[in-house]
Amino acid sequence: MSAPTASPNKLPSDFLWGFATASFQIEGSTDVDGRGKSIWDDFSKIPGKTLDGRDGDVATDSYRRWKEDLDLLVQYGVKSYRFSIAWSRIIPLGGRNDPINEAGIQFYSNLIDALLERGIVPFVTLYHWDLPQALYERYGGWLSKEIVQDYVHYSKICFERFGDRVKYWLTMNEPWCISILGHGRGVFAPGRSSDRMRSPEGDSSTEPWTVGHHVILSHAYATKLYREEFKAAQGGSIGITLNGDWALPYDDSPENVAAAQHALDVAIGTCSDPIYLGHYPDYMKEMLGDRLPTFTPEEIAVVKGSSEFYGMNTYTTNLCKAGGDDEFQGKVEYTFTRPDGSQLGTQAHCAWLQDYPEGFRQLLNYLWTRYQRPIYVTENGFAVKDENSMPIEEAIADHDRVQYFKGNTEAILVARNEDGVDIRAYFAWSLLDNFEWADGYVTRFGLTYVDYETQKRYPKESGKFVAKWFAEHVAEQPRQQKEPQRLALPHANSTTQSDSSTSSPTPKKKKTKKAPFARFTAYISTFLGI
């Protein structure tokens, strides 16, 4: 298996790029049009569960402002948009015998149609952490194997209603977070943990691994259904997206070299090894013993090979030291401080994130070598330190985020064209500042600034940089119809006093119908400030 050829300075014409979002983080309107509660609805209202005490009832109001969001995508010139479907909008009570909500189906159907009308490819996540609350109350949600049948049923409805137009499906977003953060550390909904200061119930020694096992099975049986009943007619691809950051040994000592691999085995291999290789990592078996669930022969036959590509969510690199008793990190200590006292990279607002593009390239190579599947980078982003406390004019001049994307876009180009890694897509996280789960609205990952008081959107310099970079580095597609003349854009790598040519809000433009390919040049001079 090898990557398609491209010129050394270009990505192929069919390379997908765009921005990503998730339903609960942007939609708001939690009690509108028949939507049922998700586990995040009430959890985010519990005092202390979010840093700023705020919830997702409004978020970026995208359930009502979705056309405005699509206008932004057109102005940025994206080829694709990754978004998620809220399970409880489709089946408010979640189960296979519960009523279907046609209003929810209509909302996503309209969104998909509008994307296609604008020449933007829908890249759809079926589950991004917002489990219907009713299923958690009914049988414990992901703790019960019962959920496999309900998830497959929900997936089937989505394939039936949207699959004629959706050609890229992600079954799950980040099983590690669902299991560890939701049922181990207890910082994400439903907030279960052995720590009784944090949660009145939960067992962090067993529940995360049970949950992760059920998530893998749900993914695998949904994929099996799609392949057997829908793929031939609809012609789509289906896979899973996994989080995981690169792990480097703190130094060359054998114990720290081993520690880095142990960190990868737990953060990535817990889900990716069963799905792509057909078994849990040996280190997981050694560390957990009989606490690690097992697959039946029938189950592993369904699980192995159940993702047609590698969906990759990654943000940073950790230096790894042997030691500690934190199983969720593979009994490895993480640091950003090198032996000489220097930092790995620029510090983000989140304590867990620093900028290190060399690690991004190395992780791409590791995943390609180990699993030999085309890689779709489905999330990658940076939260600028203290951005939320800055005036808007300062926040949208987000130099540190621009530098992050400069390094990582270059890493994609080099990994693909020099290293031979088959990378087929890149989605920056996120289109908008949004509800950042346990961080509330304090942490901003958006390439577009959102003023939460007015819900006005302001493109940041990072968003404009990413748009320019892909305009310059994705090869032209063969044109079947005449396009408007391409504007002369400033080079993405040019050095100027600021990171882009303007920081002003996007002016409102008169809408005109565009040919499917014309949207690639649609971010015109008023948007880019040239």
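Residues numbered from 1 in each chain as written. Predicted model: local features only at pLDDT ≥ 70, side-chain atom pairs only at ≥ 80, totals over all residues. Heavy atoms only, no water.

Observations regarding the overall build of the chain
Thinking step 1. In terms of regular secondary structure, the chain is built from 18 helices and 13 strands.
Thinking step 2. At a minimum sequence separation of 6, the contacts of the chain that also span at least 24 residues come to 77%.
Thinking step 3. Element-wise, carbon and sulfur atoms account for 51% of the exposed surface of the chain, whose accessible area totals about 19,900 Å². (Helix = DSSP H or I, 4+ residues; strand = E, 2+ residues; numbered from the N terminus. Contact = heavy atoms within 4.5 Å. Areas by Shrake-Rupley, 256 points an atom, 1.4 Å probe, with all protein chains shown as cover.)

Some details on the nonpolar core
Thinking step 1. Grouped together as the largest cluster of nonpolar side chains are 161 residues, with contacts concentrated most on F19, W40, W87, W142, F162 and W169.
Thinking step 2. Not counting residues up to four positions away in its chain, the partners in contact with W87 are G94, Y127, D130, L131, P132, L135, W142, I147, D150, Y151 and Y154.
Thinking step 3. I392, A395, I396 and Y458 belong to the second-largest nonpolar core, a separate cluster that totals 5 residues. (Core = buried A, V, L, I, M, F, W, Y, C linked by side-chain atoms within 4.5 Å. Buried < 20%, exposed > 50% of the residue type's maximum accessible area, 1.4 Å probe, protein only.)

Details of the layout of surface pockets
Thinking step 1. Taken as a whole, the largest pocket holds about 1,000 Å³ of empty space.
Thinking step 2. What lines the largest pocket is a set of 42 residues, among which W176, C177, L181, D245 and W352 lie closest to the centre.
Thinking step 3. For the lining of the largest pocket, the elements supplying multiple residues, two or more each, are α8 (175-183), β6 (246-249), α11 (254-277) and β9 (332-335).
Thinking step 4. Considered class by class, the residues forming the lining of the largest pocket number 23 nonpolar, 13 polar and 6 charged. (1 Å grid on protein atoms, 1.4 Å probe; cavity = no way out; pocket = protein on both sides within 12 Å on 5 of 7 lines; lining within 4 Å. Points joined across faces, edges and corners; volume = space filled by probe spheres on them. Nonpolar A, V, L, I, M, F, W, Y, C, P; charged D, E, K, R; others polar.)

Focus: the packing of aromatic side chains
Thinking step 1. Applying the stated rule across the entire model yields 51 aromatic pairs.
Thinking step 2. With centroids separated by 5.3 Å and ring planes inclined at 85°, the aromatic side chains of W40 and F43 adopt a geometry described as edge-to-face. Placement of both W40 and F43 in helix α2 (residues 39-43) is noted, with a separation of 3 residues, approximately one turn of the helix.
Thinking step 3. We classify W40 as buried; its relative accessible area is 1%.
Thinking step 4. Take F43: its relative accessible area is 5%, and that puts it in the buried class.
Thinking step 5. A centroid spacing of 4.9 Å and a plane angle of 80° characterise the contact between W469 and F470, whose relative ring orientation is edge-to-face. As far as burial versus exposure is concerned, W469 and F470 are alike and both buried.
Thinking step 6. In textbook terms, an aromatic cluster arises when at least three aromatic residues are bridged by ring pairs, as seen for F24, W40, F43, W129, F188, F435, W437, Y441 and Y452.
Thinking step 7. Note that K321 overlies the ring of Y250, its terminal NZ or CZ placed 4.4 Å from the centroid.
Thinking step 8. Sitting over the face of the ring of Y449, R444 holds its NZ or CZ atom 4.1 Å from the ring centroid. (Phe/Tyr/Trp six-rings, centres within 6.5 Å; stacked < 30°, edge-to-face > 60°. Lys NZ or Arg CZ within 6 Å of the ring centre and 35° of its normal.)

Examining the sheet that holds β6
Thinking step 1. Spatially, β6-β8-β9 is the arrangement adopted by the 3 strands of the open sheet, whose pairing is mixed. A strand with exactly one partner marks an edge of an open sheet, and here the two such strands are β6 and β9. Each strand of the sheet is rotated relative to its neighbour by a mean of 45°, with strand direction disregarded.
Thinking step 2. By the bridge criterion, 4 bridges tie β6 to strand β8 (residues 317-322) in an arrangement that is parallel. In the sheet register, P249 faces β8, and the bridge partner there is C320.
Thinking step 3. Sitting on the sheet, α11 is in contact with β6, β8 and β9, with an inclination near 125° to β8.
Thinking step 4. Helix-sheet contacts for helix α14 (residues 357-371) involve β6 and β8, and the interaxial angle to β6 is about 105°. (Pairing = 2+ DSSP bridges. Axes fitted to C-alpha atoms, helices over the stretch in contact; angles between N-to-C directions.)

Overview of the pairing of strand β7 (residues 310-313)
Thinking step 1. Burial along β7 is two-sided: Y310 and M312 and G311 and N313, pointing in opposite directions, are all buried.
Thinking step 2. Looking at chain direction, β7 and strand β10 (residues 375-379) are connected through 4 bridges and run parallel. Across the sheet, G311 pairs through a bridge with Y376, a residue of β10.

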